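Residue-level structural notes
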Amino acid sequence: MTALTWLNGEAFTAFGQHILWSDMIGNIIGLAALALGWRRSILTWPAQLLSGVILVGAYASAQLSGGVGKQLLVIGVALWGWRQWQRGRQQAQDGSIAVRFASRQERGVLLGGTVLGTLAVGGLFTAVPELSWNPWPDAYIFVGTLAAMVAQARGLVEFWFAWLLVDLVGVPLAFSSGLVFSGFVYVIYLALVLWGMRDWWLRSRAAAVPLEGAAA
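Overview of the structure.

Observations concerning the side chain of S51
In this structure, S51 sits in helix 3 (residues 44–61). Apart from the residues lying within four places of it in its own chain, the contact partners of S51 are G26, I29 and G30.

Structure below.
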């Protein structure tokens, strides 16, 4: 038995769902990556990278070209984010990444890129049905995930808002589609997002106070 065959094998059945090893391991590593991002640990990026590699192998073995393409993009953004955090980790006093709110221009670029990206990817998924069984929600979640990773790479608090908007669609979509296991995973993501958002928000405000005092 090859590793890819094992990854596509059934781990267990829950709520009438057949949970594959690749799905379970990828989701667990994804949760770990989000928790590491909350702690501003650079290990968040290799964790995201590993999750993407596992899912690429699983999708390739199952001949799901759409899933492979999406995960390759995620891997590319994870490599870029890893490099960004390696460059910026000395900006915080504790050696971790410094966080801040985005400028008005950065928010506009993120929002505009997300809207245009969702329209483009949704159109592609609609034109090529084998890439996605639910084109527009899938495009929204996919592009929103990439936008969140880009914001995370730049140390922007808006990273968490992007994840929150992804979860608000991902949770009900998973449950309505009968993907109960994935739905529960999204709920855990949502809890981590809310905690991480609070932590980064407070840290960004604490960093802003000394700067305001120095300016005065």
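The discussion continues.
Section: the pairing of strand 2 (residues 17–20)
Here strand 2 shows a clear split, with Q17 and I19 buried on one side and none of H18 and L20 buried on the other. Looking at chain direction, strand 1 (residues 10–14) and strand 2 are connected through four bridges and run antiparallel. Paired with T13 across the bridge in strand 2 is H18.

Regarding the packing of aromatic side chains
The tally for this structure, following the rule as stated, stands at nine aromatic pairs. Here the aromatic rings of F101 and W201 are separated by 5.2 Å at their centres, their planes lie at 85 degrees, and the arrangement is edge-to-face. You can see F101 sitting in the loop between helix 4 (65–88) and helix 5 (104–127) and its partner W201 sitting in helix 8 (residues 180–215), a full 100 residues away along the chain. Note on W201: relative accessible area 39%, which makes it partly exposed. Note on F161 and W201: the rings are 6.0 Å apart at their centroids and 55 degrees apart in plane angle, and the pair reads as tilted. Note that F161 is positioned in helix 7 (residues 158–176) and W201 in helix 8, a separation of 40 residues in sequence. Classification of F161 as partly exposed rests on a relative accessible area of 29%.

What to know about the packing of helix 5 against helix 6 (residues 135–153)
Relative to each other, helix 5 and helix 6 sit at 145 degrees, their axes nearing to 8 Å. Between helix 5 and helix 6 lies a crossing whose hand is right-handed. Contact with helix 5, carried on its side by L110, T114, G117, T118, L119, V121, G122, G123, F125 and T126, involves P135, W136, D138, A139, Y140, F142, V143, A147, V150 and A151 of helix 6 and no other residues of that element. Here the residues of the contact of helix 5 with helix 6 are counted per class, giving 13 nonpolar, six polar and one charged.

Description of the side chain of D199
Within the secondary structure layout, D199 lies in helix 8. Here D199 falls in the buried class, since its relative accessible area comes to 17%. Discounting chain neighbours no more than four positions away, the residues touching D199 are W38 and R40.

Looking at the environment of V193
Within the element layout of this structure, V193 appears in helix 8. Overall, V193 belongs to the buried group, its relative accessible area being 0%. Sequence separation of V193 and A35 is 158 residues, and the distance between their C-alpha atoms is 8.7 Å. Excluding its chain neighbours within four sequence positions, the residues that come into contact with V193 are L34, W160, W163, L164 and D167.

Conventions used here
Residues numbered from 1 in each chain as written. Predicted model: local features only at pLDDT ≥ 70, side-chain atom pairs only at ≥ 80, totals over all residues. Heavy atoms only, no water. Helix = DSSP H or I, 4+ residues; strand = E, 2+ residues; numbered from the N terminus. Contact = heavy atoms within 4.5 Å. Buried < 20%, exposed > 50% of the residue type's maximum accessible area, 1.4 Å probe, protein only. Pairing = 2+ DSSP bridges. Phe/Tyr/Trp six-rings, centres within 6.5 Å; stacked < 30°, edge-to-face > 60°. Axes fitted to C-alpha atoms, helices over the stretch in contact; angles between N-to-C directions. Left-handed = near helix turned anticlockwise from the far one by under 90°. Nonpolar A, V, L, I, M, F, W, Y, C, P; charged D, E, K, R; others polar.

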